[in-house]
Amino acid sequence: MLTDTHTHLYSDAFAEDRKEMMQRAFDKDVKRFFIPAIDSAYTESMYALEKEYPENVFLMMGLHPTSVKENFVEELAHVEEQFKKRNFYAVGEIGIDLYWDKSTLEIQKIAFRRQIQLAKKFKLPIVIHCRDAFDEIFEVLETEKSEDLFGIFHCFTGTFEQAEKAISYNMKLGIGGVVTFKNGKIDTFLNQIPLENIVLETDSPYLAPAPFRGKRNESSYLELVSKKLSEIYNVSEEEIAHITTKNSKAVFGI
Ligand SMILES: [Zn+2]
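Scoring rules and cut-offs
Residues numbered from 1 in each chain as written. Predicted model: local features only at pLDDT ≥ 70, side-chain atom pairs only at ≥ 80, totals over all residues. Heavy atoms only, no water. Helix = DSSP H or I, 4+ residues; strand = E, 2+ residues; numbered from the N terminus. Rg over C-alpha atoms; globule rule 2.2 N^0.38 Å. Buried < 20%, exposed > 50% of the residue type's maximum accessible area, 1.4 Å probe, protein only. Contact = heavy atoms within 4.5 Å. Areas by Shrake-Rupley, 256 points an atom, 1.4 Å probe, with all protein chains shown as cover. Lys, Arg positive; Asp, Glu negative; His and termini not counted. Charge placed at Lys NZ, Arg CZ, Asp CG, Glu CD. Salt bridge = Lys/Arg side-chain N within 4 Å of Asp/Glu carboxyl O. Donors = N, O, S within 2.8 Å, 3.2 Å for Na, K, Ca; no water. Tetrahedral: all angles 85-135°; square planar, octahedral: opposite > 155°, others 65-115°. Pairing = 2+ DSSP bridges. Axes fitted to C-alpha atoms, helices over the stretch in contact; angles between N-to-C directions. Core = buried A, V, L, I, M, F, W, Y, C linked by side-chain atoms within 4.5 Å.

A. Local environment of the overall build of the protein chain. Of the regular secondary structure elements, the protein chain holds eight helices and eight strands. Compactness check: the protein chain gives a C-alpha radius of gyration of 17 Å against a globular reference of 18 Å for 254 residues, within 12% of the reference. If you line up the protein chain on its principal axes, its C-alpha atoms span 45 × 40 × 30 Å. Out of the 254 residues belonging to the protein chain, those deemed buried represent 57%. For the protein chain, restricting intrachain contacts to residue pairs at least 6 apart in sequence, the fraction spanning at least 24 positions comes to 71%. Summed over all atoms, the accessible surface of the protein chain reaches about 11600 Å², with 49% contributed by carbon and sulfur. Here the protein chain contributes 31 positively and 41 negatively charged side chains, and the mean placements of these two sets differ by 1 Å.

Below, the structure written as structure tokens:
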């Protein structure tokens, strides 16, 4: 059984064929889906998805860094409101993104830090989104690090040194389609990182693995990521599925 630790299945990209898309994932033995939040605009569709697939869908709650704008205080209040109402499996996705907008760096840091503190309070993992912002993310983690702080560095695309640093903050590396890209780079050093630190993800509908690069991604493609990892680590696909699902259970507690 495979676990997709990061998949936006509630996305409008699946409005036309969500049922079929889910069935294709089940057929590939992808049975557990961890669903990151973006902002309040998506909360209801996340709840609807969970209602449809209560055995398979596990929700996170958080404010995505690219949604940290002028109204971020209200958005954070929405996040906290949801945590008061019910359980989630992680605070995510949260972090810093300097690719889309550098001007919001200061408020992105504030939102990231506040949500880390929320995760500590609820003893939940964090799921980190990092784009063009390794130094800034590590700076925040350095001041917030503690035994209660743990989680996943989602869509990890850094260097070997950055991978080791992320792991030193109790983070597992979320590995997805990028590992199948010709210029993705992480495939060149990943086998030096023990498999105990790796979880699988698609980040659907984004970042489809080869040979679907550039197309809509979906959770059934997780099989292609698993296949690539079995080549990199020179172990069977069953072994990859077993270990990475076990790692996902260790992080999310389910
Ligand atoms: Zn995402």
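B. Here's a closer look at the pattern of salt bridges. The tally for this structure, following the rule as stated, stands at 13 salt bridges. When the shortest N-O distance is used, the salt bridge between R24 and D17 registers 3.7 Å. Residue class for R24 comes out partly exposed when judged on its relative accessible area of 34%. Between R216 and D17 there is a salt bridge; the shortest N-O distance is 2.9 Å. Of this pair, R216 sits in the loop between β8 (198-200) and α7 (222-233) while D17 sits in the loop between β1 (2-4) and α1 (18-27), and the two are 199 residues apart along the sequence.

C. Structural context of the coordination of the zinc ion. Bound to the zinc ion are the protein donor atoms H6 (NE2), H8 (NE2), E93 (OE) and D203 (OD), situated 2.1 to 2.6 Å from the metal. Metal-centred angles of 88 to 175 degrees between the four donor atoms at the zinc ion mark the site as irregular. Every donor residue of the zinc ion comes from the same chain, spaced as H-x1-H-x84-E-x109-D. With E93 in strand β4 (residues 91-97) and D203 in the loop between β8 and α7, this pair connects stretches of sequence that are 110 residues apart. Per residue, the accessibility class of E93 equals that of D203, and both read buried.

D. Layout of the sheet that holds strand β7 (residues 171-175). Pairing within the open sheet is parallel, and its five strands lie in the order β4-β5-β6-β7-β8. The open sheet has two free edges, formed respectively by β4 and β8, since each of these has just one partner strand. Sheet twist, expressed as the average angle between the axes of neighbouring strands with direction ignored, equals 30 degrees. On the sheet, helix α6 (residues 160-168) packs against β6 (151-153) and β7 and is oriented at approximately 130 degrees with respect to β7.

E. Broad picture of unusual backbone geometry. Geometrically, the link from S204 to P205 is a cis peptide bond, its omega value of 5 degrees lying close to zero. With respect to the element layout, P205 can be found in the loop between β8 and α7. Cis rather than trans, the peptide bond between A210 and P211 has omega equal to 5 degrees. Relative to the elements of secondary structure, P211 occurs in the loop between β8 and α7. Backbone geometry at D203 places phi at a positive 60 degrees, although glycine is not the residue there. Look at L207: it is not a glycine, yet its phi comes out positive at around 55 degrees. We classify L207 as partly exposed; its relative accessible area is 33%.

F. Examining the sheet that holds strand β3 (residues 57-59) more closely. One open sheet accounts for three strands, arranged β1-β2-β3; its pairing is parallel. The open sheet has two free edges, formed respectively by β1 and β3, since each of these has just one partner strand. Ignoring which end each strand starts from, the neighbouring axes of this sheet average 20 degrees apart. Two elements, β1 and strand β2 (residues 30-35), share three bridges in a ladder whose sense is parallel. Across the sheet, residue D4 finds its bridge partner in β2, namely F33.

G. Expanded view of the nonpolar core. Ranked by internal contacts, the top residues of the largest apolar core, which has 75 residues, are I126, L141, F153, L190 and L229. Of the residues forming this core, the biggest block, six residues, is contributed by helix α4 (residues 105-122). Beyond its immediate chain neighbours, meaning those up to four positions away, I126 contacts V91, I94, I116, A119, L141, L149, F150, G151, I152 and M171. Among the nonpolar cores identified, the runner-up in size contains nine residues, and F58, A90, V251 and F252 belong to it.

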